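So the chains spell out like this:
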Amino acid sequence: ARDCGGLGEAQAAVLAAARFGGDVPGALASAARQPGAEGLLGLAACWRVAVDQGAGLAAGLERLEGALRAERDQRDDLRAQLAGARSTVVMLAGLPVLGLLLGAVMGADPLHVLLHTGAGFGCLVVGGVLEGLGMWWATRIVRGAEAA
């Protein structure tokens, strides 16, 4: 519960249930509704089995710890693998600005062409739409991979 952070009230409810003979599994299940505290559901199940069936709590907690560590490692690995896709999204967003700067350095005055000519304005609109679609698509791919 301490590692989850932001569980103030839920943590107090679990501690109170444990100290005063309340429903500890119920308090743990309630605390598991907080973001990042989903592992407390497993702890509640281990507690319930230990109390109801007389099973050892330590063995269940060791298995739960292993499963939670494996899940955390898998999330970290996924974040590392998606770092390339995220950097591609950022680079895709910055390329038009880089192109405008490069054109200005070469003396082409791209802003004048884009804003004061019909063809330039058409290219600006089409380029903006394609840039927006590309950003949406790349972001959607990254979010889809994270959700899976």
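It should be noted that the structure appears before, not after, this text.
Just so it is clear, the model here is predicted, and its values are computed rather than measured. (Residues numbered from 1 in each chain as written. Predicted model: local features only at pLDDT ≥ 70, side-chain atom pairs only at ≥ 80, totals over all residues. Heavy atoms only, no water.)

(A) Structural context of the overall build of the protein chain. Along its length, the protein chain carries six helices and zero strands. The C-alpha radius of gyration of the protein chain comes to 27 Å, more than 25% above the 15 Å expected for a compact globule of 148 residues. Along the longest, intermediate and shortest principal axes, the C-alpha atoms of the protein chain span 80 × 25 × 20 Å. Of all 148 residues assigned to the protein chain, the portion counted as buried reaches 18%. Here the analysis covers contacts within the protein chain between residues at least 6 apart in sequence; of these, 36% occur between residues at least 24 apart. Carbon together with sulfur atoms contributes 64% to the accessible area of the protein chain, which is approximately 10,500 Å² in total. Here the protein chain contributes 12 positively and 14 negatively charged side chains, and the mean placements of these two sets differ by 4 Å. (Helix = DSSP H or I, 4+ residues; strand = E, 2+ residues; numbered from the N terminus. Rg over C-alpha atoms; globule rule 2.2 N^0.38 Å. Buried < 20%, exposed > 50% of the residue type's maximum accessible area, 1.4 Å probe, protein only. Contact = heavy atoms within 4.5 Å. Areas by Shrake-Rupley, 256 points an atom, 1.4 Å probe, with all protein chains shown as cover. Lys, Arg positive; Asp, Glu negative; His and termini not counted. Charge placed at Lys NZ, Arg CZ, Asp CG, Glu CD.)

(B) Here's a closer look at unusual backbone geometry. With a phi close to 55°, Asp 109 is a non-glycine residue in the positive phi region. Structurally, Asp 109 can be placed in the loop between helix H4 (57–105) and helix H5 (110–116). Judged by its relative accessible area of 44%, Asp 109 is partly exposed.

(C) Examining the environment of Gly 66 more closely. For Gly 66, the position within the fold is in helix H4. Each C-alpha atom, one on Gly 66 and one on Leu 133, is 42 Å from the other, the two residues being 67 residues apart in sequence.

(D) Representation of the packing of helix H2 (residues 24–31) against helix H3 (residues 40–53) within the structure. Relative to each other, H2 and H3 sit at 170°, their axes nearing to 8 Å. Classified by the angle between their axes, H2 and H3 sit roughly antiparallel to one another. Counted together, Val 24, Pro 25, Gly 26, Leu 28, Ala 29 and Ala 31 of H2 and Leu 40, Leu 41, Leu 43, Ala 44, Trp 47 and Arg 48 of H3 form the full contact between these two elements. Its residues assigned to classes, the contact of H2 with H3 shows 10 nonpolar, one polar and one charged. (Axes fitted to C-alpha atoms, helices over the stretch in contact; angles between N-to-C directions. Parallel < 35°, antiparallel > 145°, perpendicular 65-115°, else oblique. Nonpolar A, V, L, I, M, F, W, Y, C, P; charged D, E, K, R; others polar.)

(E) Focus on the pattern of salt bridges. Scanning the entire structure with this criterion turns up five salt bridges. Between Arg 69 and Glu 65 there is a salt bridge, with the nearest N and O atoms lying 2.8 Å from each other. Of this pair, Arg 69 and Glu 65 both sit in helix H4, four residues apart, which is roughly one turn of that helix. With relative accessibility at 41%, the residue Arg 69 sits in the partly exposed group. Glu 65 gets classed as partly exposed once you look at its relative accessible area, which sits at 39%. (Salt bridge = Lys/Arg side-chain N within 4 Å of Asp/Glu carboxyl O.)

(F) Representation of the nonpolar core. The biggest cluster of nonpolar side chains holds 11 residues, and these are Ala 10, Val 14, Ala 17, Val 24, Ala 27, Leu 28, Ala 31, Ala 32, Ala 37, Leu 40 and Ala 44. Contributions of two or more residues to this core are made by helix H1 (8–19), H2 and H3. Tallying contributions element by element places H2 first for this core, with four residues. Residues contacting Val 14, with those up to four places away along its chain left out, are Ala 27, Leu 28 and Ala 31. (Core = buried A, V, L, I, M, F, W, Y, C linked by side-chain atoms within 4.5 Å.)

(G) Representation of H3. Helix length check: H3, at 14 residues, gives a terminal C-alpha distance of 19 Å against a target of 20 Å (1.5 Å per residue), a fit within 8%. Among all positions of H3, only Leu 40, Ala 44, Cys 46 and Ala 50 are buried. Summarising the axial view, the buried residues of H3 lie within an arc of 165°, below the 170-degree limit, and thus occupy one face. Opposite its buried face, H3 presents the exposed residues Asp 52 and Gln 53, each directed more than 90 degrees away. At its buried positions, H3 is contacted by H2 and H4. One or two steps after H3, the chain reaches Gly 54, where phi turns positive at roughly 75°. (Expected span 1.5 Å × (residues − 1). Arc of directions from axis to C-beta.)

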